[in-house]
Structures are given as C-alpha cells and as structure tokens.
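# Observations on chain architecture
Residues per chain are reported as follows:
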Amino acid sequence: MMSTMIDSANGFPSIADRTINIDGMNIAYKDEGTGQVILCLHALGHSSKDFASLYKLPSEKFRIIALDFPGQGLSSPSLVPVSSNFYFGLTSKFIQLLDLKNIIVIGNSIGGAVAIRIANGNPNVRLLSLSNPAGLDKRGFIAPFFLNYMIHFFQKGVKNNPSFQRQFENYYKKVLITESAFNRRAEIVNDGYRLSPLLVQGWSSFKLDEEDLRPYIKNITCPVLFTWAMKDKFVQFGRNKNAIKQFHNYTLLEYPIGHTPYLEMPEKFNDDFIDFINNN
C-alpha cells in the first residue's frame, strides 16, 4: 500500500503517491484506475493536485496518471533549466518506463506545450486535450516586452523582495478566479518564493525560437479538444486563435475562467471531456 506523501515545502497533502527515477530526478506521480490511460500534465508552478477531480471518473474505465514536473509538487529539484522541451524529454522517458500505450494526453499551459510535443507525429496518442497551452502564441514584437515584464516580476521572488508575496497573490487572483480553485490558489501563493526561480526559467524559455510549436500542428492528426479559459490575461485566446484553426481535427469549448479548467470548473470539464472521448 502506498503511504500518503506530504509536500515538505508547504505541509499540504499531495495527490502524488508514487515515484520513479528519471535521469537522477525522483519524479512523483499519481496512478489510479485500470482503463483508458489519461496522462495529465500541469501548468508551471502547479502540480498533479490540479487533476484531483479527474479521479472521480470511473476507475474501471480510466487510468488517470498525473505527474509532478521537477521542483514542483513532490518531485525532486530540476537538474536542467525549465522549458517545455526539457519536460518533453522527461515525460517521453516516463511514458516509456511505464510502457503506456494508446494514451490520451491532457495538458495545461507549459503542460499543454509538452502535450503538443508528445502528439507531434506520434500514433501512440489517441486524443489530445489542451487548456491554454504555451507554444501557439502568434509572437511578434509585443511578446518579448510582455515576457520580460513577467520575468522581472518573478525575479522579485528570487531576490526575496518583501512585496513579492502580496503581488504574487494579486497575480494569482487573476490566474485562478473561481471559488472552486480557492484552496489550490492559496497553496500555490504560499509557495511563491520557492517557485519563483522555476517561474523565471520557464517564462524565459518562452522567448526561445524552439518553444514556438506552431510548426508541429501539421503533424498532429489525432482529435484535439481545446478547453480555453477565455479570461486568461496571460495566454490570451486572441493571440492563439489562428493557430487553433490550423489543427486538422479540433473542438473548441470556451470557459469563463482564468487559466485551469480542472480547478476552476472541474465538473464541467469532466462532462465535456467524457463527451469528447465518447464522440471520438
């Protein structure tokens, strides 16, 4: 029997209850159920706890696997600077080690970028579910200014600026905006100083040319469900809609939320997700 693990950084019980060593890093993950494999990839600074509501799905029909990226949740610190490319390599090894076949991949934010990379020309991916993924933004001259602004903001946490905690809390009130996400938002905010170096690295990586994933779209032929948080001020629908339209087979559902459907509207996401699976 797996023992309950506690996140030593903030004392909150974690959903993860297993670990696997990949390239010298202990990667924590949750793995329950015996049916269709659903691999869940979280946003930067979040963890496998984002997907707790998915474990309400019938365990005989679905095998839900949610991992913690390095330095988040219960996984050991990262040995490599954060990027979706790094997370992709790690997640690919995770899939191989667990011998996962015919998978459905759910990804949010940087986790969505990893999901896009995994699905790129990969027949092992049956379906893709993306919520405000990184990598599809139209970029242009405005993007670097915005990214630099966010990097500068997170650097305040790295420098232990006393105003960062309050500012980080105000920032997250715009990221996770519903009552359903209140507890997770509080946990993430409380962990802000520890997470700030990862946030600086991750947002810095978004400026890299290799993090523009729009060239991958033509190679993704599986059905794709977009559950887009329309009130997201940071991964804006308007800057991503042209890329979305280029997918071969996609469904777009609009959510009146800030960033993460599984936290902000979990019941609606589960219903929409099951409908998508049943129709594909």
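Positions within a chain are numbered from 1, following the residues in the order the chain's sequence is written. Per-residue local features are limited, in this predicted model, to residues with pLDDT of at least 70; the limit for side-chain atom pairs, both in listing and counting, is 80 or more; totals at the level of whole chains, interfaces and linings are taken over all residues. For side-chain calculations, the full set of non-hydrogen atoms in the structure is used, while hydrogens and water are omitted.

The subject of this paragraph is a nonpolar patch on the surface. To count toward a patch, a residue needs a relative accessible area over 30% and no salt bridge; like charges are then connected within 9 Å, while nonpolar side chains (Val, Leu, Ile, Met, Phe, Trp, Tyr) are connected within 5 Å. Using the Shrake-Rupley algorithm and a 1.4 Å probe, accessible areas are obtained, with residue cover drawn only from the displayed protein chains. Salt-bridge detection follows one rule: a side-chain nitrogen of Lys or Arg within 4 Å of a carboxyl oxygen of Asp or Glu. A cluster of nonpolar side chains, contributed by Phe141, Ile142 and Phe145, occupies part of the molecular surface with about 400 Å² of accessible area. Of note, Ile142 is situated in helix α3 (residues 142–158). Owing to a relative accessible area of 45%, Ile142 belongs among the partly exposed residues under this scheme. In DSSP terms, a helix is any run of H or I states spanning at least four residues, a strand is any run of E spanning at least two, and both are numbered starting from the N terminus. Throughout, exposure labels follow a simple rule: accessible area from a 1.4 Å probe, protein chains only, divided by the maximum for the residue type, with under 20% read as buried, over 50% as exposed, and the rest as partly exposed.

Time to look at the side chain of Arg117. Tracing the backbone through its elements, the reader meets Arg117 in helix α2 (residues 110–119). By the criterion applied in these results, polar contacts are pairs of N or O atoms within 3.5 Å in which, for protein atoms, one can donate a hydrogen and the other can accept it, and in which residues neighboring in sequence qualify only through two side-chain atoms. Only 2.8 Å separates the side chain of Arg117 from the backbone oxygen of Glu210, close enough to count as a polar contact. Residue contacts follow a heavy-atom distance rule, with two residues in contact if any of their heavy atoms lie within 4.5 Å. Aside from chain neighbours lying at most four places away, what touches Arg117 is Ser84, Asn85, Phe88, Glu210, Glu211, Leu213 and Tyr216.

Moving on, we get to helix α5 (residues 182–190). Taken together, the buried positions of α5 are Arg184, Arg185, Glu187, Ile188 and Val189. Buried-residue contacts for α5 involve α4 (164–175), α6 (192–205) and α8 (261–264).

So, on to the packing of aromatic side chains. Aromatic rings from Phe, Tyr and Trp, taking only the six-membered ring of Trp, are treated as a pair when their centres fall within 6.5 Å; an angle between ring planes under 30 degrees marks them as stacked, one over 60 as edge-to-face, and anything in between as tilted. In the structure shown here, the tally under the stated rule is 24 aromatic pairs. Each ring, one from Phe69 and one from Tyr87, has its centre 4.1 Å from the other, and the planes form 0 degrees; the classification is stacked. Of this pair, Phe69 sits in the loop between β4 (62–67) and α1 (84–98) while Tyr87 sits in helix α1, placing them 18 residues apart in sequence. On the basis of relative accessibility, which here comes to 0%, the residue Tyr87 falls in the buried class. Note on Phe164 and Phe168: the rings are 5.2 Å apart at their centroids and 25 degrees apart in plane angle, and the pair reads as stacked. Placement of the pair is Phe164 and Phe168 together in helix α4, with a separation of 4 residues, close to one helical turn. Comparing Phe164 with Phe168 shows no difference in burial state: the two are buried. By the ring-pair criterion, three or more aromatic residues cluster together here, those being Phe146, Phe153, Phe154, Phe164, Phe168, Tyr171, Tyr172, Tyr193, Trp203, Phe206 and Phe234. For a lysine, the NZ atom is tested; for an arginine, the CZ atom; a charge sits over a ring if that atom is within 6 Å of the ring centre and within 35 degrees of the ring normal. One Lys or Arg, Lys268, reaches over the ring of Tyr255 and ends 5.1 Å from the middle of that ring.

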